[in-house]
Amino acid sequence: MVLTQNSLSTSTHHQQTSEQTSAWRGLIETYREYLPVSDKTPVITLLEGNTPLIPAPSIANRIGRDVKVLVKYDGLNPTGSFKDRGMTMAMSKTKEQGAEVVICASTGNTSAAAAAYATRAGIKPVVLIPDGYIALGKLAQAMLYGAEIVAIKGNFDQALQIVREMSEHYPITLVNSVNPYRLEGQKTGAFEIVEQLGNVPDWLCIPVGNAGNITAYWMGFCQYRSVGKCDRLPRMMGFQASGAAPLVSGHPVEHPETIATAIRIGNPASWQQAIAVKQASQGEFKAVTDAEIINAYRILAAEEGIFCEPASAASVAGLLQVKDQVPAGSTVVCVLTGNGLKDPDTAITNSDSQMQKGIEPTMQAVAGAIGL
Ligand SMILES: *Cc1c(COP(=O)(O)O)cnc(C)c1O
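Bear in mind the structure is a predicted one, so any value in this text is a computation, not a measurement.

### Digging into the packing of aromatic side chains
Alright, step 1. One pass over the structure, following the stated rule, counts six aromatic pairs.
Alright, step 2. A ring pair is formed by tyrosine 297 and phenylalanine 307, whose centres lie 6.4 Å apart and whose planes are at 45°; its orientation type is tilted. With tyrosine 297 in helix 13 (residues 290–304) and phenylalanine 307 in the loop between helix 13 and helix 14 (310–321), this residue pair connects regions lying ten residues apart in the sequence.

Listed below in structure tokens is the structure:
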């Protein structure tokens, strides 16, 4: 195009409109044709999704044999976890159906996402949390987004039982991952990975708590294969914390324990679906210890520059545990489900970096402090 004075002004105008139309519009608008929404569904969005797939060369080096490792950093969603993918769908459908109150049980991230999206929709959010087992950042979010917070003297599994009953007895919509719209939204993580890689990875490593996300990712990969967006399916590798690993042992854990509070779950809501995913994908469930989780958490931050929360690091901890089984030359994606800023206490407790305090405010003193 020849740039005359006139066309310059129109081209500037065009540039603006095309920027607007090419800008990310959130999951529902982007993947509308694959989601159970209609023209009548009000779209409740914070422009979630579209998170980066970041190469992790330091992890790959530990495996060797030309294995490529990438992390899907879903901690960059609007409230800092993948739960936003499910919540944009669940809250849009709740709004469409006219409910005025939503409820969820949460180890933290679901409550943060539910509170944010409910507020956005003009719906009242009520969240049940296990008293004392919720990371600081998550509690801070639910409080500031304005949720009604009820801390119970019990664990997540008990909280989920209560909210399930409440949604049957009162006009309140349940937005835990047993709400099918949650998984519909979360499957878009798989769509993005296929688009970012140009195909499916050979392995998908993912932390497993209630097993909603592993189920959703599998749905997404299968749906994309059925429309020809990819030509095969990945092996699904689900990792649980060893103190909360019912899918590994085959029976519920009455008193789940782990530093990774987001997966401190003893009786997964999507148990049957998770077993089906494992079988269909020839995948595996494995347990990782808290020490392995913290090791992966520290490697990700200190060597890759990626700060995720402890539960998220379970995917990388698991990959490192089974690294000898990874076929040479294959591509592995680890899902990093939540942002490290969610849990500052665990970061500070498990860091070995030294902070020098009380240094005089002079250049000499600072130079001396760092050994110059
Ligand atoms: C919710 C959550 C998980 C577990 O996902 P499920 O769908 O319950 O298996 C893992 N990591 C983080 C950070 C979470 O918030």
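### Thoughts on the domain arrangement of the protein
Alright, step 1. Domain assignment breaks the protein into domain 1 (5–81 + 182–349) and domain 2 (83–179).
Alright, step 2. Look at where the C-alpha atoms of domain 1 and domain 2 centre, and you get two points 21 Å apart.
Alright, step 3. At the junction of the two partners, domain 1 supplies 50 residues and domain 2 supplies 39 residues.
Alright, step 4. Roughly 3400 Å² of surface becomes buried between domain 1 and domain 2 when both sides are summed, with 53% attributable to carbon and sulfur atoms.
Alright, step 5. When the buried area of domain 1 at its contact with domain 2 is split by residue, Ile44, Arg182 and Lys342 rank highest and sum to 26% of it.
Alright, step 6. Here domain 1 and domain 2 share three salt bridges between them.
Alright, step 7. Between aspartate 74 and arginine 85 there is a salt bridge; the shortest N-O distance is 2.7 Å.
Alright, step 8. When residues of the side of domain 1 that touches domain 2 are traced back to their parent elements, those giving at least two are helix 2 (27–30), helix 8 (180–186), helix 9 (188–197) and helix 15 (344–349).
Alright, step 9. Per element, the largest residue contribution to the side of domain 1 that touches domain 2 is five residues, and it comes from helix 8.
Alright, step 10. Along the lines of polarity and charge, the residues of the side of domain 1 that touches domain 2 split into 17 nonpolar, 19 polar and 14 charged.

The rules we used
Residues numbered from 1 in each chain as written. Predicted model: local features only at pLDDT ≥ 70, side-chain atom pairs only at ≥ 80, totals over all residues. Heavy atoms only, no water. Phe/Tyr/Trp six-rings, centres within 6.5 Å; stacked < 30°, edge-to-face > 60°. Helix = DSSP H or I, 4+ residues; strand = E, 2+ residues; numbered from the N terminus. Domains from an automatic or database assignment. Contact = heavy atoms within 4.5 Å. Buried area = accessible area lost by both parts, 1.4 Å probe. Salt bridge = Lys/Arg side-chain N within 4 Å of Asp/Glu carboxyl O. Nonpolar A, V, L, I, M, F, W, Y, C, P; charged D, E, K, R; others polar.

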